[in-house]
Structure formats: structure tokens, C-alpha cells
Amino acid sequence: MEIHLVNWKTVKAKNIRGSDYYSQMPVILDLTYCGKLLSKILAMPKQRSISFADAISLLTVAQREPFNTGRFGDAPGHYRWYVINFVDWISSQGYHIEMTGDEFESYALPDKFA
């Protein structure tokens, strides 16, 4: 699977109190997927489309219950499990993430790497 060197932009989300904030979750997901997040998203099977920001919002909502009950592990339904299995979990919900290109910026690489 191809690794993409991109700078993921923050996503506007709502915290537990319902206030807006800029989430760093895209960066956390990309680090978890070792730079292969974009490739995994592009390889998702076509289903109902959802924006990347809406997918992050679904993730945030799904993580609230495990957070509130102190289940932070890697087991299914635990807080970290949703991050590790983000792409597969979104797909299991019947969605595929529709990328517009506004979600990230490409790194400018020197000519010797191009």
C-alpha cells in the first residue's frame, strides 16, 4: 500500500459539552495508519458517501461512551479500537469517505525526490 506524505488539516468537531473545536484527529489517524490513511480511504468500497469531516464526527460520537466508562483499550468497542480500525469501522457503517482534496496539503518535495 502506498504511503502519502500529506499534511492533514484540522477538522471542525464538537466536544463532549457541544462546543466547536478544531480536532487533530486526522493527524492522529494518519500516524496510527503509518502514513497510509489516504491510501486506505481511497481503497474503500463504494457505498453511501460521507465527507471526511462527518466521518471524524461519527468517530468522536462513537468514542464518547467508551471514554465515559473508562474503556481505553484496543478491544472492539473500546476508545483506541475506533482509531485503529477507523476506515474499516466507517465502511461497516455503510459509508465510504469522499475526498475532495481540501482535507490535506501535499508536502513540497525537492526535485531530487520527485
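Residues numbered from 1 in each chain as written. Predicted model: local features only at pLDDT ≥ 70, side-chain atom pairs only at ≥ 80, totals over all residues. Heavy atoms only, no water.

Undergrad: What is the right way to look at the packing of aromatic side chains in this model?
TA: Under the criterion given, the structure shown has seven aromatic pairs. Plain terms: the ring middles of Trp8 and Phe52 are 5.1 Å apart, the flat faces sit at 35° to each other, and that makes the pair tilted. Note that Trp8 is positioned in strand β1 (residues 6-8) and Phe52 in helix α3 (residues 52-69), a separation of 44 residues in sequence. You'll find Trp8 and Phe52 in the same group, each marked buried. Through pairs of rings, three or more aromatic residues link up here, namely Trp8, Phe52 and Phe104. (Phe/Tyr/Trp six-rings, centres within 6.5 Å; stacked < 30°, edge-to-face > 60°. Helix = DSSP H or I, 4+ residues; strand = E, 2+ residues; numbered from the N terminus. Buried < 20%, exposed > 50% of the residue type's maximum accessible area, 1.4 Å probe, protein only.)

Undergrad: I tried to follow the nonpolar core on my own but got confused; where do I start?
TA: Inside soluble globular proteins, nonpolar side chains tend to come together where they are buried. Within the largest apolar cluster, 26 residues are counted, with the highest numbers of intra-cluster contacts made by Trp8, Leu37, Ile41, Phe52, Phe86 and Ile97. Elements represented by at least two residues in this core include exactly β1, α1 (25-32), α2 (37-42), α3, α4 (79-84) and α5 (86-92). For this core, the element with the highest residue contribution is α3, accounting for five residues. (Core = buried A, V, L, I, M, F, W, Y, C linked by side-chain atoms within 4.5 Å.)

Undergrad: What am I meant to see in the pattern of salt bridges here?
TA: Opposite charge on two side chains permits pairing when their charged atoms draw close. Here the structure, examined in full by the defined rule, presents two salt bridges. One salt bridge connects Glu65 with Arg71, and the closest N-O pair in it is separated by 2.3 Å. Arg80 is the partner of Asp74 in a salt bridge, and the nearest nitrogen-oxygen pair spans 3.4 Å. According to the relative accessible area criterion, Asp74 is partly exposed, its value standing at 48%. (Salt bridge = Lys/Arg side-chain N within 4 Å of Asp/Glu carboxyl O.)

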